[in-house]
Amino acid sequence: MTTTEPLLEVEGLTAGYGGVAVLRDVSLRVDAGEMVGLLGANNAGKSTLIHCLSGVVKPMAGRIRFKGEDVTDLPPEQIVERGIIQVPEGRLVFPQMSVRENLMMGSVSRRAKPRRKANLERVLSLFPRLHERMDQPAGTMSGGEQQMLAIGRGMMACAEVLMLDEPSLGLSPLIVQHIFEIVRKLHAEGLSILLVEQNSSLTFRHASRCYVLEQGRVAIEGPSSVVREDPATRKAYLGM
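Counting starts from 1 at the beginning of each chain's written sequence and moves along it residue by residue. Local features are withheld for residues below a pLDDT of 70 in this predicted model, meaning they are given only at 70 or higher, and side-chain atom pairs are given and counted only at 80 or more; totals for whole chains, interfaces and linings count all residues. Based on all heavy atoms of the structure, the side-chain values leave hydrogens and waters out of the count.

Caption draft 1: Here's a closer look at the packing of helix H6 (residues 143-156) against helix H7 (residues 173-188). With axes taken as lines fitted to C-alpha atoms, and helix axes fitted only over the stretch in contact, angles between N-to-C directions fall between 0 and 180 degrees. Segments assigned H or I by DSSP are reported as helices when at least four residues long, segments assigned E as strands when at least two residues long, and all are numbered from the N terminus. Closest axis-to-axis distance for the H6/H7 pair is 10 Å, and the angle between their directions is 15°. The orientation of H6 relative to H7 falls into the category roughly parallel. Helix-helix and strand crossings are classified by hand; for H6 and H7 the assignment is right-handed. From H6, Gly144, Gln147, Met148, Ile151 and Met155 reach across to H7, where they touch Ile175, His178, Ile179 and Leu186. An angle counts as roughly parallel when it lies under 35 degrees, as roughly antiparallel when it exceeds 145, as roughly perpendicular when it falls between 65 and 115, and as oblique in every other case. Two helices crossing with the near one rotated counterclockwise from the far one by less than a right angle form a left-handed crossing, whereas a clockwise rotation gives a right-handed crossing. Contacts are assigned to residue pairs that have any heavy atoms within 4.5 Å of one another.

Caption draft 2: Summary view of the sheet that holds strand E2 (residues 20-30). By definition, two strands form a pair when at least two bridges between them are found by DSSP. In spatial order, the strands read E2-E1-E4-E5; together these four strands make up an open sheet with antiparallel pairing. In this open sheet, the two edge strands, each paired with only one partner strand, are E2 and strand E5 (69-70). As paired elements, strand E4 (residues 61-66) and E5 share two bridges and run antiparallel to each other. Pairing of Phe66 across the sheet is with Glu69, part of E5. Seen against the sheet, helix H1 (residues 46-53) touches strand E1 (8-17), E2 and E4 and runs at an angle of roughly 115° to E1.

Caption draft 3: Looking closely at the nonpolar core. The set of buried Ala, Val, Leu, Ile, Met, Phe, Trp, Tyr and Cys residues whose side-chain atoms join them within 4.5 Å is what this entry labels a nonpolar core. Three exposure classes are used, based on accessible area relative to the maximum for each residue type with a 1.4 Å probe and protein chains only: buried under 20%, partly exposed in between, and exposed over 50%. Counting residues in each nonpolar core, the largest one holds 44 residues, and the members touching the most others are Leu103, Phe127, Leu130, Ile151 and Leu162. Ignoring anything within four residues of it in the chain, the contact list for Ile151 reads Val87, Phe127, Leu162, Leu164, Ile179 and Leu186. Ranked by size, the runner-up nonpolar core spans 29 residues in total, among them Leu23, Val30, Val57 and Val71.

Caption draft 4: The packing of helix H4 (residues 116-126) against H6, seen in detail. Where H4 meets H6, the closest approach of the two axes is 9 Å, and the angle between their N-to-C directions is 155°. Taken together, the axis directions place H4 and H6 in an arrangement best described as roughly antiparallel. The hand of the H4/H6 crossing is right-handed. On H6, the residues touching Arg116, Asn119, Leu120, Arg122, Val123 and Leu126 of H4 are Gly152, Met155 and Met156. Among the residues forming the contact of H4 with H6, the class breakdown is five nonpolar, two polar and two charged. Any residue outside Ala, Val, Leu, Ile, Met, Phe, Trp, Tyr, Cys, Pro, Asp, Glu, Lys and Arg is labelled polar, Gly included; the first ten of those are nonpolar and the last four are charged.

Caption draft 5: Region of the structure containing a nonpolar patch on the surface. To count toward a patch, a residue needs a relative accessible area over 30% and no salt bridge; like charges are then connected within 9 Å, while nonpolar side chains (Val, Leu, Ile, Met, Phe, Trp, Tyr) are connected within 5 Å. Using a 1.4 Å probe, accessible areas were evaluated by the Shrake-Rupley method; residue-level cover was limited to the displayed protein chains. Definition used for salt bridges: Asp or Glu carboxyl oxygen within 4 Å of a side-chain nitrogen of Lys or Arg. Taken together, the side chains of Phe94, Met105 and Val108 define a hydrophobic patch exposed on the protein surface, amounting to about 260 Å² of accessible area. What makes Met105 partly exposed here is its relative accessible area of 39%.

Caption draft 6: Region of interest: the pattern of salt bridges. This model, assessed by the stated rule, comprises 16 salt bridges. Notably, a salt bridge pairs Asp31 with Arg29, separated by 2.7 Å at the nearest N-O pair. With a closest N to O distance of 2.3 Å, Glu189 and Arg122 form a salt bridge. With Glu189 in the loop between H7 and strand E8 (192-196) and Arg122 in helix H4, this residue pair connects regions lying 67 residues apart in the sequence. You can call Arg122 partly exposed: its relative accessible area is 25%. Counted as one network, the salt bridges with shared partners bring together Arg129, Glu132, Arg133 and Glu145.

Spelled out as structure tokens, the structure:
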């Protein structure tokens, strides 16, 4: 029996800051066309893991592979060039730049530039609100509009794996619903997504598989329906 090679694979990852480990022996995988959830309480290590995958934080041990290639030690720009794209927590748009300029910043890689026009048309079709705001400074938009812009900027980079870091953070339920309708549509079209969320109900609803981090380790993993009912999930969140 043969197994499909994962699109993105983390094996035995240990990482942290100043020599102090935040993640300890973490392993996970994202297959092509899959949406995987990464859950955990505050300070569980979710953002550190995303920063490792983006090349911003260098692991102390372990490997990261993309399409079978070891990308553990690649700088962030080479990670982006391969299509591993982070939509950061808090959006982090360029506030003084226009919506158009922010979107163009997402397509500066050699891989993305030739597809800039087609990708822009795609983004604006998914987020018509951005079309209306193209010349508006990004910092003057609402939080929901900035989240749309951040996702759109990620799409401009020709993402093969889109890593969404807390996309619901600080947004109203109505805006969150709209954002996740777009996320679901992108996934249905075949985009691989790593969804990093503290909102467990959102994650269980959209991701097919989940990993739960507790104090820097994977406490439980498996199909969302199984992880949702496992007592270890409750323990990881509530310390019970």
